[in-house]
Every structure is written in C-alpha cells, then in structure tokens.
Amino acid sequence: MEKIVDIQHLNKSFGAHEVLKDINFSVNKGEVVSIIGSSGSGKSTLLRCINLLEKPSGGEIIYRGENILDDKHDLAEYRKHLGMVFQQFNLFNNHNVLNNCVVGQIKVLKRTRGEAEKVAMKYLGVVGMDRYINAKPKQLSGGQKQRVAIARALCMEPDVILFDEPTSALDPEMVGEVLKVMKDLAESGLTMLIVTHEMEFAKEVSDRVVFMDKGVIAEEGHPEHIFNNPSQERTREFLKRTLVQSRLAFV
Amino acid sequence: MSLDWVIKILVENWPMFLRGAGVTLLIALIGTVFGAIIGLLAGMIRTIPMPERGMRKILLKTINLILSIYIEFFRGTPMIAQAMVIFYGSALAFGIDMNVFAAAIIIVSINTGAYMAEIVRGGVLSIDKGQFEAAHAVGMNHMQTMWNVVLPQVIRNILPATGNQFVINIKDTSVLNVISVTELYFVTKTVSGISYRYFETFFVACMIYFTMTFVVTRILLYIEKRLDGSENYTMITNDTQFEAIQK
Ligand SMILES: Nc1ncnc2c1ncn2[C@@H]1O[C@H](COP(=O)(O)OP(=O)(O)OP(=O)(O)O)[C@@H](O)[C@H]1O
Ligand SMILES: [Mg+2]
C-alpha cells in the first residue's frame, strides 16, 4: 500500500511539556483513519504537526520519500498537498463562498480563475453549498461554514485531508449534515485523517482507529477491534467514560 | 455686536479663506494617504514572523529597530517642532531650500505614518490566528497570506482610525504656519493682522475647520457603510445563472 505520510519517532514539546512522545504512524492512500482519545492527549497537536502548523521538536515526516523536516524543505509546497479542516472553520472572512474555494487554487496551484471556479463549483456541489456562492462567511450557519471549508480543502485536490474535530463547534442539529458529507467523501475513496469525538461515526467510516493517550499512540487497529474488543485497559476505560458521557448527554 | 464684522471679514476675504482651506485639506488628504501607506508597510514589516536564524534574522531585526526608532521619535515629539527641524535642518544640512508645500506634505506623512504603523500592527495582531492557519494550510506563503487574506481585513478594520487621523491632520496642519505654509491658520493670522479683529477672524476660521472635519467625518462613515455591503446575499436559484458560472 502506498503511504501518503509516514511519521517516524515524532516528538513535540511546548517548553518543558512533552505533548507527543515518539509517535510512529502512517496514513495509506485511500484510507480513512480516525484518531480518538481524551482531551489533552495530543490529537490536535499531532494533526498540526503533520501539516507543520506546529513545528515538531524531533523525528521525521516522510512525504514522497523525503523528510519534510529537513531544513531546506519548502513548507508551502508540502502543505498544498495536504488539506485541513478546522474545528472553528476558519473561512477567509474577507471572501465570499466562491472565492474561499478559488483563492488558494489561483495563488497556490496557479490555476486560471475560470478553471478554479469550475473546480470550486464542482466541490461546492459535492457538499451541497453551490447555491450560496455569493454569501460571506458571517452569513452562514456553522454547518454551512464547515461544508464550505471542506469544499475549500477539496478544491486543492490534496493527497489527504486532515480534519480536527470538524463537528465539535457545531450545534447538535448541524452535526448530521457535516458528518453526512464526510461519510460520502470516505466512501468516494478520499484519504482522510480525522480527529473526532463522534464515536459512532468513527466506528462506521474508519478503516483504522488510533487511540491516543497522554501523548502516545496507545493502541490502533480496525474499528471492530478498538471499539468492541480493545486489548488495552486504558482504551477500555476511555470508551466506557465517553459512552457514559454520551448517555448522560442524551438524557 | 461683532456679527457684522464676521460677515464683513468673510465677504472681504473669502477667496483667501477658501484657498487656505483648500491648502489645508490638500495637505491633510495627501499626508493621510501617504501616511497610511507608510504605516501599512511599516506595520506589515513589523509583523513578519522572525526567522529562527541566519542573515534574514539579522536583517529583519535591524529593520525593526530602525522602524521602532522612527515610530517612537515621531510619536514622542510635537509636529510643530518636527516641522522646524525638518525645514530648517534640510537647509542647514544639505543646503536645499525646501518648497514649503512639499515640506508640509513630508512632515504630515511621516508623522501620520508613525501613528498608522502602530494602528496597522494592532490590526494585524487582532486578526484571528485561524485566518493565518487556514491560509497556510492551503499552501499560501506569508506574502500570499498577508495580501489575499489578512491585509484586506486589516484595511477594513483600520478604516475608522485612518479617518480619525485625517480629521486630526486637518486640524494639526495649523502648526505648519511656523514654516509659512499658506494653510488656513496662516491665512487667518494674516487677515487678522490686517483687520485687527482677532476674535471675529479666528471665529470664522473655527467655523471653516469645523465644517471641513464634520463633512469629512460624514463622508468617511458613508464610505465605511458602503464597503460593508449589504447584509444579504443572493442565492443562486435558477439554472441559467448556474451554468453561467460553471462556464
Ligand atoms: N500552543 C501551545 N502551547 C502550550 N501548550 C500547548 C499548546 N497547544 C497545545 N498544548 C498542550 O498540549 C496538550 C495536548 O493538546 P491538544 O490540543 O493536542 O489535545 P487534544 O487531544 O487535541 O485535546 P482536545 O480533545 O481537547 O482537543 C495539552 O496539554 C495542551 O495544553
Ligand atoms: Mg484538539
């Protein structure tokens, strides 16, 4: 299987605080990988290290046979092959929906405006937002913003899209529409790496689930294995806790 | 009462007042525009993330130091003294006899630039970190991020402060009378020196200053409103529009 990114012995510290410890992990082409784990376990930090929004303190990130952390590497060139969807959407506030999807294509991929708009319309259609191209971000609901953010990432036609808790900032009634889009994308064969607290969703769409605890990958495997029959005690503990929480939330 | 005098002074001297007001407005306008450009450049440079090492770090540190000195100096000294230093200093140092109008514009520009640099820096810092991260995540470099995402938002945000500087400049150009720029205050002094009616003449000047600042303020508010656009957006509802875009 072709590895999209291969992470070797990755470390990350904020000052004296060691947040990621010797992470070894890779994402294969066409794979959907979910990262779960309790708050503060380092999930976001791992994702942000992968596209270098945070600078790793040590280790290697191998992309197309090269270590991206080598000094000479062009960050922007590497980043354009990775999409990112943020918890807080982060749509460009000064651009309307269409331009949010177009500006990166023009500036980074050097596409013409015509080409870029065509691509944008295609992916805005995929997420069901093609009728809102004139709207500014502040005029959209959270769920709509997140779907535009997903389209923006898709427009760059990246090798993998990283999702950092894409539904955590949404009102409950909007979570479904975003998860639905993500599920469709997963089925279409897109490579995805998803940090999520939506356990049902992770179980359903993932090819592999990674459980993180206190800065290490405690366990990873097929969703059946992780959710129904984990080998580690701390995985079991975590799942029990979140299950209780979601029941409580339900009541 | 002196109302008669006010009218008399106005009737007899209106061409002079008009020219003075024109010069004031022109210096303030050009000075604010140049000042805003200087401020944008300086503010943008001061918010470039510091490289970790190498020549570029030393270069950026040096430029930042020069910019801080510039900002501190011009914010920390009165424009009236700056005007004297620059005007007479240039004559002394380079032997050039500066055109007073050019000198006036230079002084107002660099003075405004010093204030605007800090306003711009604050404007950049106030932009949500997520905007930078999203731009970086699509592969934009620092320049592209600033130009396509951050700067347009900063400019919108600093517009009120820029307008405020313009209004301040309309009033503060009055200090340029010390280098004999024929702006409104200088004209007023001249007129009052002839008529010996100080109260009435300066009362006229105040009315003209106020009219200018009031009108300018309204215009700026109007521009701001226009820039924000409508609160609504048009949804694409029919297929011909749709296909037009997909072309
Ligand atoms: N910029 C930073 N500076 C200092 N510490 C940080 C920074 N970012 C994250 N941390 C710390 O790193 C640890 C891991 O944070 P991270 O955001 O990766 O956790 P997470 O697993 O994503 O949690 P959550 O589920 O709450 O999002 C936390 O203890 C956090 O306080
Ligand atoms: Mg997180």
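Structure's up top.
A. Looking closely at the packing of helix H5 (residues 142–155) of chain A against helix H6 (residues 172–187) of chain A. Residues and elements named next belong to chain A. At a minimum axis distance of 8 Å, the contact between H5 and H6 shows a crossing angle of 20°. Classified by the interaxial angle, the pair formed by H5 and H6 is roughly parallel. Of the two elements, H5 crosses H6, and the hand of that crossing is right-handed. Between H5, through Gly142, Gly143, Gln144, Gln146, Arg147, Ile150 and Leu154, and H6, the contact on the second element is made entirely by Met174, Glu177, Val178, Val181, Met182 and Leu185. For the contact of H5 with H6, the per-class residue count stands at seven nonpolar, four polar and two charged.

B. Expanded view of the pairing of strand E1 (residues 3–14) of chain A. Residue and element names in this part refer to chain A. Two strands pair when backbone bridges link them, and E1 and strand E2 (residues 17–28) are joined in this way by eight bridges, in the antiparallel orientation. Residue pairing in the sheet places leucine 10 in a bridge with isoleucine 23 of E2. Connecting the antiparallel pair E1 and E2 is a turn made up of two residues, with glycine 15 showing a positive phi of about 60°.

C. How the structure looks around the site of ligand 1. All names here are of chain A. In the region of ligand 1, 13 residues are neighbours, and Ser39, Gly40, Lys43, Ser44 and Thr45 sit closest. Within the contact set of ligand 1, an oxygen atom lies 3.2 Å away from a backbone nitrogen or oxygen of serine 41. In this structure, serine 44 approaches ligand 1 through a side-chain N or O atom, which is 2.7 Å from an oxygen atom. In isolation ligand 1 has 630 Å² of accessible area, and contact with the protein removes 61% of it. When contributions to the shell around ligand 1 are tallied by element, the ones reaching two or more residues are E2 and helix H1 (43–50). Here the shell around ligand 1 gets three residues from one element, more than from any other, and that element is H1. The residue inventory of the shell around ligand 1, partitioned by class, reads two nonpolar, nine polar and two charged.

D. View of the sheet that holds strand E9 (residues 208–213) of chain A. Residues and elements named next belong to chain A. Strand order in the open sheet formed by six strands is E6-E7-E8-E3-E9-E10, with mixed pairing between adjacent strands. At either margin of the open sheet sits one strand with a lone partner, and together these are strand E6 (82–85) and strand E10 (216–221). Here the strands of the sheet are splayed against their neighbours by 20° on average, with no regard to which way each runs. One ladder, built from four bridges, connects strand E3 (residues 32–37) with strand E8 (residues 192–195); its direction is parallel. For serine 34, the partnering residue across the bridge sits in E8 and is isoleucine 194. Sheet strands in contact with H5 are E6 and strand E7 (160–164), and its direction is about 175° off that of E6.

E. Molecular detail of the packing of helix H1 (residues 3–46) of chain B against helix H4 (residues 100–125) of chain B. Residue and element names in this part refer to chain B. Interaxial distance between H1 and H4 falls to 5 Å at its minimum, and their mutual angle equals 40°. By the angle between their axes, H1 is oblique relative to H4. Remark: the crossing between H1 and H4 carries right-handed chirality. Class assignment for the residues of the contact of H1 with H4 results in 19 nonpolar, eight polar and three charged.

F. The arrangement of unusual backbone geometry in detail. Residue and element names in this part refer to chain A. One non-glycine residue with positive phi stands out, namely phenylalanine 89, at about 65°. Note on placement: phenylalanine 89 falls in the loop between E6 and helix H3 (97–107). On the accessibility criterion, phenylalanine 89 (9% relative accessible area) is buried. Its identity as a non-glycine residue notwithstanding, asparagine 90 has a phi of 55°, on the positive side. One can find asparagine 90 in the loop between E6 and H3. For asparagine 90, a relative accessible area of 7% puts it in the buried group.

G. Region of interest: the interface of chain A and chain B. At the interface, 35 residues of chain A touch 33 residues of chain B. Taking both sides of the interface into account, the surface hidden between chain A and chain B amounts to around 2,800 Å²; carbon and sulfur atoms contribute 55%. Area buried by chain A at its contact with chain B is led by Phe92, Arg131 and Gln139 of chain A, which between them contribute 22% of it. A salt bridge links glutamate 133 of chain B to arginine 48 of chain A; the nearest nitrogen and oxygen atoms lie 2.7 Å apart. Inspection of the region where chain A meets chain B yields eight residue pairs in polar contact (both at pLDDT 80 or more). Counting only elements with at least two residues in the side of chain A that touches chain B, the list comes to helix H2 (75–79), E6, H3 and helix H4 (113–126) of chain A. For the side of chain A that touches chain B, the per-class residue count stands at 14 nonpolar, eight polar and 13 charged.

Rules and cut-offs
- Residues numbered from 1 in each chain as written.
- Chains lettered and ligands numbered in written order.
- Predicted model: local features only at pLDDT ≥ 70, side-chain atom pairs only at ≥ 80, totals over all residues.
- Heavy atoms only, no water.
- Axes fitted to C-alpha atoms, helices over the stretch in contact; angles between N-to-C directions.
- Helix = DSSP H or I, 4+ residues; strand = E, 2+ residues; numbered from the N terminus.
- Parallel < 35°, antiparallel > 145°, perpendicular 65-115°, else oblique.
- Left-handed = near helix turned anticlockwise from the far one by under 90°.
- Contact = heavy atoms within 4.5 Å.
- Nonpolar A, V, L, I, M, F, W, Y, C, P; charged D, E, K, R; others polar.
- Pairing = 2+ DSSP bridges.
- Near = heavy atom within 4 Å.
- Polar contact = N/O pair within 3.5 Å; in protein donor to acceptor, adjacent residues only side chain to side chain.
- Areas by Shrake-Rupley, 256 points an atom, 1.4 Å probe, with all protein chains shown as cover.
- Buried < 20%, exposed > 50% of the residue type's maximum accessible area, 1.4 Å probe, protein only.
- Buried area = accessible area lost by both parts, 1.4 Å probe.
- Salt bridge = Lys/Arg side-chain N within 4 Å of Asp/Glu carboxyl O.

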